[in-house]
Amino acid sequence: MLAVSRPLSQLNKPGAGPRPESCVSDQSAEKIQQALRRGDAAAAEEICRRALARRPRDAALHLQLGQLLRARGERGAGASALRQAVALEPRLAAAWRELAINALETGQLAEADQASAQLRRLQPLPSADAFLRGHVLGLLHRFDESEREFDAIRAVAGVPAARLGLVGDALARGDAAAARFHAERLVEWLPDQAAAWDALGQAAAARQDWPASTAALRRATELAPANLALWQRRAAALDAARCGGDEPVQVRERLLALQPGSVEAEEKLGLALIGAHRTAAANALFRGLLQREPQRWLARWMLFHTPDLPCFASEPARAEWLRDFERGLTEFERADLDAATAQHLLGSVPNFALAYQDGAHVELHKRHARLVRRLLDTATGGAYADIAPRPITRARRRIGLVSSCLHRHSVTRAWGEALLALPAADFELHVFHTGTRDDAMVQRFRARADHYAAGADSFAAWTARLRAAELDVLVFLDLGLDVVNQCLAALRHAPVQISTWAHPITSGAAAIDWFVSAEDAEPPGAEAHYSESLLRLPRLGGCFALPDETPLARRAETSGARLVCAQNLYKLHPQHDAVFARILAGAPTATLDFLTAATDEQVAGLERRLQPALAAAGVDPARVRLHATLCAADYRQHIADADLLLDSFGFSGGITTLDALWQERVWLTLPGECMRGRQSMAMLARLGLDELIADSVDDYVARAVALAGSSERRRALERRIGESKHRLFDDREVCTAFADFLRQVQPRDA
């Protein structure tokens, strides 16, 4: 029940305008009031009913009875009495007022509209009745009419404060549009009041407009910097938007300052530091927590999942992190955790860093997936079970797609076209976008989907949607990148569930049946690299859209070759250092740029790590330039300026390689053990450029040095890339093969 009379009651004060009261016309009035003053509502109602027996056509008595019935929760009977009152005396303004309020509180907007309109005809002067009418019109989304009512009483004492209550009322009704209307007007009325901006932030959150919500709450906290609740709402909006970077850290630092000694606030600051890629600072915080409180399970969980430096300070540090990952799994496999702790762990970080270590590590991935399922059962009290197996019998199969990265991203550049090309006549597509970003690619998925859901919702909400859809096949596009998807993949929601090479690593999850990969990138015996059954799609395993951008020209020629490594830090293990140093030593006029997609703090860590290898090879460190995250335009220009791009090994380039080849730049690779280390190789082989595929570290160094020293060879290779690069794009046979698989696949137990 909604107490909409509460904001109205703020206006019933001296100076707020007249409010005619009911007038019971005989001596019963005093008796009723005496009973009410004693707190004896039952006696007051009995007196009223006896009076009505004598005077059944007394409108004021019907009004009094309606008020008494409403006061004890008999709103239906109260409304009947009020309707009788206005039927007997259509000019009884107090009865229309009570009827309008009762209709608002019971959700009868049509009656509220009729009653408040009649009330305003009877009471045309600015008053609390204008407020009531404006409220009703706002809920009817007749916003221009509503604002005219509010404008008439804007200067009346108490109106702005009472209107704040209408934002809360609209939110309680689930009416985000009305909440937005009132909140936007309030910040115009009260631009220096934190409460108005808070209302605007909450209204934006109700419609999941997280950028608008965070902007409004940012202003609210500027105006009221000591208000804990405002900072908490701002933090919640940033979390819902999945924002990383400096702002969440600053907010969490402020919350810790407002709650000194709060371990929970300190833990959340650590999570914000992880989101800002300030991993060393986060881990230092978590280590400090563990020293003070050894049973802080979240701190231990974060430490074994997250290396201090994504690329590691040394090879022994990387080996020790792997050993600690296994120790961490063992600790949590043995731990007896409560539901709240399990929930906190599941909402923290996905199993991301393990994907970037050399080797398949299938058993570790399986253990981690089993642990996630166990934590999920603990967090939910075992509320969720796998669906029962069933054969797929629909002619038009129902396909579900789960992804947090449906915006323009390497994930959708790899898989977007194949999914969007699924024939609508054969497949009913249900898209579950667990991310919060929106752009042209998201809009394409929304347009293709038969059913589309998106937003920052909970595991429980997404599970309910998946189960309600009664899917035949569920595609997890990018497991390993998102905590919600990691939890969803621990359960079976459809007879067949698959993961893809958009994040090229096994899920380890028993509920995932297939891993969809690329024939040309998988080595012999690749089945051993996955807990799932392996499906090899033709060639590169993706239908890559032709880029819209025209290849850029080099800005200028230089005397020495410009070498570029355009890989994120997780791929650049310490074993690379000596290799790059040997190449620079063998090509003494060359320079090397690292495009790391990392923070300044992380880049500084890589720079420190490189120094011993450069010194040992006699290479001037000034020849090496390290770049933090670049904007898209600068990234493309650095690729265009490159004479030779050096691949990482273990986890090669994928979409980055594709970008460089579209720019007609020379890319040198050394294939790794697993598919994730062989994507560049598959592309170069597709172009017939086997001379850019090394077979050992020494061969990689020799080929790099030779290419760095010969501009003629590089230009000849660039011409060959330009002539053949079309082979990498728009491979519709991949779309056909994937659709054929989805038409035919059956559950393993069918």
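Residues numbered from 1 in each chain as written. Predicted model: local features only at pLDDT ≥ 70, side-chain atom pairs only at ≥ 80, totals over all residues. Heavy atoms only, no water.

Asker: Looking at this structure, I do not really get the side chain of Gln-497. What am I missing?
Answerer: Among the secondary structure elements, Gln-497 is positioned in strand 5 (residues 496-500). Excluding residues within four positions of it along the chain, Gln-497 makes contact with Leu-474, Phe-476, Leu-491, Arg-492, Ala-511, Ile-512, Asp-513 and Trp-514. (Helix = DSSP H or I, 4+ residues; strand = E, 2+ residues; numbered from the N terminus. Contact = heavy atoms within 4.5 Å.)

Asker: Would you take a moment to explain the environment of Ala-494 for this structure?
Answerer: For Ala-494, the location among the structural elements is in the loop between helix 25 (483-488) and strand 5. For the pair Ala-494 and Asp-450, spaced 44 residues apart in sequence, the C-alpha to C-alpha distance is 17 Å. When neighbours within four sequence positions are excluded, Ala-494 is seen to be in contact with Ile-387, Leu-471, Asp-472, Val-473 and Leu-474.

Asker: Explain the packing of helix 13 (residues 210-223) against helix 14 (residues 228-240) here, please?
Answerer: Packed helices, taken two at a time, are described by the angle between their axes plus the distance between the axes. Contact pair helix 13 / helix 14: the axes reach a minimum separation of 9 Å and the direction vectors enclose 160 degrees. Considering their axes alone, helix 13 and helix 14 lie roughly antiparallel with respect to each other. Seen along the crossing, helix 13 lies across helix 14 with a hand that is left-handed. In contact with Trp-210, Ser-213, Thr-214, Leu-217, Arg-218, Ala-220 and Thr-221 of helix 13, helix 14 contributes Leu-230, Trp-231, Arg-233, Arg-234, Ala-237, Leu-238 and Ala-240. (Axes fitted to C-alpha atoms, helices over the stretch in contact; angles between N-to-C directions. Parallel < 35°, antiparallel > 145°, perpendicular 65-115°, else oblique. Left-handed = near helix turned anticlockwise from the far one by under 90°.)

Asker: Which parts of the structure should I look at to understand the environment of Arg-234?
Answerer: Examined against the element boundaries, Arg-234 turns out to sit in helix 14. The buried category is assigned to Arg-234, whose relative accessible area is 8%. Distance from Arg-234 to Gly-270, taken between C-alpha atoms, is 17 Å for residues 36 residues apart in sequence. Aside from chain neighbours lying at most four places away, what touches Arg-234 is Leu-217, Arg-218, Thr-221, Glu-247 and Val-251. (Buried < 20%, exposed > 50% of the residue type's maximum accessible area, 1.4 Å probe, protein only.)

Asker: In this structure, what is going on with the sheet that holds strand 12 (residues 667-668)? I would like to understand it.
Answerer: Across a sheet, strands are paired by hydrogen bonds formed along the backbone, either parallel or antiparallel in direction. Taken in spatial order, the five strands make up an open sheet running 10-9-8-11-12, and their pairing is parallel. Only two strands of the sheet have a single partner each, and these edge strands are strand 10 (624-627) and strand 12. In the sheet, strand 9 (residues 591-595) pairs with strand 10 via four bridges, with the strands oriented parallel. Directly across from Leu-592, in strand 10, lies its bridge partner Val-624. Against the sheet, helix 26 (residues 575-586) contacts strand 8 (562-565), strand 9, strand 10 and strand 11 (644-646), and its axis sits at roughly 150 degrees relative to strand 9. Taken strand by strand, helix 28 (residues 632-641) contacts strand 8, strand 9, strand 10 and strand 11, and its axis lies near 150 degrees from that of strand 9. (Pairing = 2+ DSSP bridges.)

Asker: How do you make sense of the packing of helix 12 (residues 194-206) against helix 13 when you look at a structure like this?
Answerer: Running from N to C, helix 12 and helix 13 point in directions that differ by 160 degrees, and their axes come no closer than 8 Å. Here helix 12 is positioned roughly antiparallel relative to helix 13, judged by the angle of their axes. The interaxial crossing formed by helix 12 with helix 13 has left-handed handedness. Two secondary-structure elements touch here, helix 12 through Ala-194, Trp-197, Asp-198, Leu-200, Gly-201, Ala-204 and Ala-205 and helix 13 through Trp-210, Ala-212, Ser-213, Ala-216, Leu-217, Arg-219, Ala-220 and Leu-223. Taken together, the residues that form the contact of helix 12 with helix 13 break down as 11 nonpolar, two polar and two charged. (Nonpolar A, V, L, I, M, F, W, Y, C, P; charged D, E, K, R; others polar.)

Asker: Would you mind showing me how to read the side chain of Arg-539 here?
Answerer: For Arg-539, the location among the structural elements is in the loop between strand 7 (533-537) and strand 8. Among the polar contacts made by the side chain of Arg-539, one reaches the side chain of Glu-733 at a distance of 2.8 Å. Residue contacts for Arg-539: discarding those within four places in its chain leaves Ala-518, Glu-519, Asp-520, Ala-521, Arg-686, Asp-731 and Glu-733. (Polar contact = N/O pair within 3.5 Å; in protein donor to acceptor, adjacent residues only side chain to side chain.)

Asker: I would appreciate a short explanation of the sheet that holds strand 5 in the present structure.
Answerer: As summarised here, the arrangement of the seven strands in space is 3-2-1-4-5-6-7, forming an open sheet in which the pairing is parallel. Either end of the sheet is taken by a strand with one partner, and the two such strands are strand 3 (451-454) and strand 7. Between one strand axis and the next, the sheet turns by 20 degrees as a mean value, whatever way the strands run. Taken together, the five bridges between strand 6 (residues 514-518) and strand 7 define a ladder with parallel strand orientation. Opposite Trp-514, over in strand 7, you have Ser-533 as the bridge partner. Strand contacts of helix 22 (residues 410-420): strand 1 (397-403), strand 2 (427-433), strand 5, strand 6 and strand 7, with the helix running at about 165 degrees to strand 1, the strand carrying the most contacts.

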